Amino acid sequence: MDNCSQPQTRRFVVVGCGSIGRRHMKNLLALGAGEVLGCDLRADRRAEVKGELGVETLASPDEAWRREPDAIVIAVPTALHMPWALEAAERGVHLFIEKPLASAWAGVERLMELSRRKNLVSLVGCNMRFHPGLLTVKRLLAAGGVGRIIAARAEAGQYLPDWHPWEDYRYTYSARTALGGGVIFDAIHEIDYIRWLVGEVAGVFCLAGKLSHLEIDTEDTAALLLRFENGALGEIHLDYIQRVYNRNCQVIGDEGTLHWDYVAGQVRWYSAQTKTWQCFNNPPGWNANEMYLDEMRHFVNCLARRSQPEQDLFEAARVLSIALAAKASALKPCWIEMGSQSWNTNATL
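Notes on the structure follow. Note that residues are indexed from 1 along each chain, following the sequence as it is written. For this predicted model, a pLDDT threshold of at least 70 governs which residues receive local features, and a threshold of 80 or more governs which side-chain atom pairs are given and counted, while totals over whole chains, interfaces and linings are taken from all residues. Each side-chain value is derived from all of the structure's non-hydrogen atoms; neither hydrogens nor water enter the calculation.

As for unusual backbone geometry
Here's step 1: Cis peptide bonds are those with omega within 30 degrees of zero, and the linkage from lysine 99 to proline 100 qualifies with -15°.
Here's step 2: Starting at the N terminus, helices and strands are each numbered in turn, a helix being any DSSP run of H or I of at least four residues and a strand any DSSP run of E of at least two. Position of proline 100 relative to the elements: it lies in the loop between strand E5 (94-98) and helix H5 (108-118).
Here's step 3: For arginine 305, which is not a glycine, the phi torsion comes out positive at approximately 60°.
Here's step 4: Looking at the secondary structure, you find arginine 305 in the loop between helix H9 (289-303) and helix H10 (313-331).

Structure, rendered in structure tokens:
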């Protein structure tokens, strides 16, 4: 495991003191990564963070920039990612951006240009890449465990009001198009990891919409059909509806099959060569925060130039383009080739 000891003290500003921002603050503190500050416009959230974690809090962007952070962790609603990221990049501040990178394409190319020119470290928070089950799937695929990949399926579903039962779901960013919500952006993990496992996406078709009784103005259900550049096919189902949390994937090859089940904490592998199933379970005592902790540890090591980012903003931009293509496809509906730029409509459902 990476060693995150630091030769110097770094200053991190975590922007957004909601649940994911607090998680990142806790993990930075646990890693001893450096000085950690929180920033949020809401006084109640600043008070919660100060009381729970004892960190200093800031009430405005101006206060944040006056502290001259070395790195910024952007954990505000998706629609606000790009303004913060562009300002940070202009100032030469390294970037950790919660998924997805943004809710529209505007500003992304400028951010990439700034990052290249200023040699910035960037990581976009796709914690599923640090899940032991998906890491096992990745390893088995790299070893040829299923032969040539023919198809892959991924699914994620959970009833939106159960996500944060302590707050009214109707006022969360997930429920509001203006804040970058909707299940396609929220569950972009599935788009990210299916591409990570199978390969680059060549085209996408999507059906999506608000199909339930939920009081939201975003899509609550989406079905994506993908074609990969290597010829494989992909299917992704996403929803805010399932009353029992479900997250899984299946990879089908001409020499075997892999199943990953998040809830069961297990990967099952069938090999046509041995005609047997093997099971791989999560490590004993593993808990979900460990993938977030490993993700942040990875970022800290990238800052020290000991590791290359698992998903920098350039990789995340490609994933965002697939999500935007899915949204554009759902409006028409139509098949979209990823090389055509026809997805670049900043579509909202």
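Side note on the sheet that holds strand E9 (residues 221-228)
Here's step 1: At least two bridges found by DSSP between two strands is the condition for calling them paired. Here we have nine strands laid out as an open sheet, ordered E14-E13-E12-E11-E7-E10-E9-E8-E15, and mixed in their pairing. Two strands lie at the open edges of the sheet, namely strand E14 (276-281) and strand E15 (336-337), each paired on one side alone.
Here's step 2: Note: strand E13 (residues 266-271) against E14, six bridges, orientation antiparallel. Within E14, the position partnered with glutamine 266 by the bridge is asparagine 281.

Quick notes on the sheet that holds strand E4 (residues 71-74)
Here's step 1: Here six strands make up an open sheet; going across it, the order is E3-E2-E1-E4-E5-E6 and the pairing parallel. Each edge of the sheet is formed by a strand with only one pairing partner; in this case those strands are strand E3 (56-58) and strand E6 (122-125). Ignoring strand direction, the axes of neighbouring strands in this sheet form an average angle of 20°. The axes used here are C-alpha line fits, helices contributing only the stretch in contact, and every angle between their N-to-C directions lies in the interval 0 to 180 degrees.

Considerations on the side chain of threonine 257
Here's step 1: Take threonine 257: it is sitting in strand E12 (residues 256-261).
Here's step 2: Note on definitions: a residue-residue contact is assigned when non-hydrogen atoms from the two residues lie within 4.5 Å. For threonine 257, the contacting residues outside a window of four places in its chain are Val146, Gln250, Val251, Ile252, Arg268, Trp269, Tyr270 and Trp277.

Details of H5
The periodicity of an α-helix, 3.6 residues per turn, causes residues three or four places apart in sequence to face the same way.
Here's step 1: Along H5, the positions that sit buried rather than exposed are Val108, Leu111, Met112, Leu114 and Ser115. The buried residues of H5 all sit within an arc of 165° when viewed along its axis, so they share a single face. Looking at H5, the residues exposed on the side facing more than 90 degrees away from the buried face are Arg116 and Arg117.
Here's step 2: Where H5 is buried, its residues meet helix H4 (81-90), E5 and H10.
Here's step 3: Downstream of H5 by one or two residues, asparagine 119 has phi in the positive range, about 55°. Each residue gets one of three labels from its accessible area relative to the maximum for its type: buried under 20%, exposed over 50%, partly exposed in between, using a 1.4 Å probe on protein chains only. Here, the arc refers to the directions that run from the helix axis to the C-beta atoms.

What to know about the state of the cysteines
One covalent bond between the sulfur atoms of two cysteine residues makes up a disulfide.
Here's step 1: Here, two cysteine sulfur atoms that lie within 2.5 Å of each other are counted as a disulfide. In total, this model carries zero disulfides according to the counting rule given.
Here's step 2: Cysteine 334 supplies the cysteine sulfur nearest to cysteine 206, a cysteine that is in no disulfide, at a spacing of 10 Å.

Some words on the pairing of strand E10 (residues 233-239)
Two faces belong to every sheet, and in a regular strand the side chains alternate between them.
Here's step 1: Direction of pairing for strand E7 (residues 149-157) relative to E10: parallel, over a ladder of seven bridges. Bridge pairing links alanine 152 to glycine 234 in E10.
Here's step 2: Pairing geometry for E9 and E10, over seven bridges, is antiparallel. By the bridge assignment for E10, leucine 225 is matched with glutamate 235.
Here's step 3: The antiparallel pairing of E9 with E10 creates a hairpin that spans four residues between the two strands, and glycine 231 there sits at a positive phi of about 95°.

Any link to function would need more than the numbers given here.
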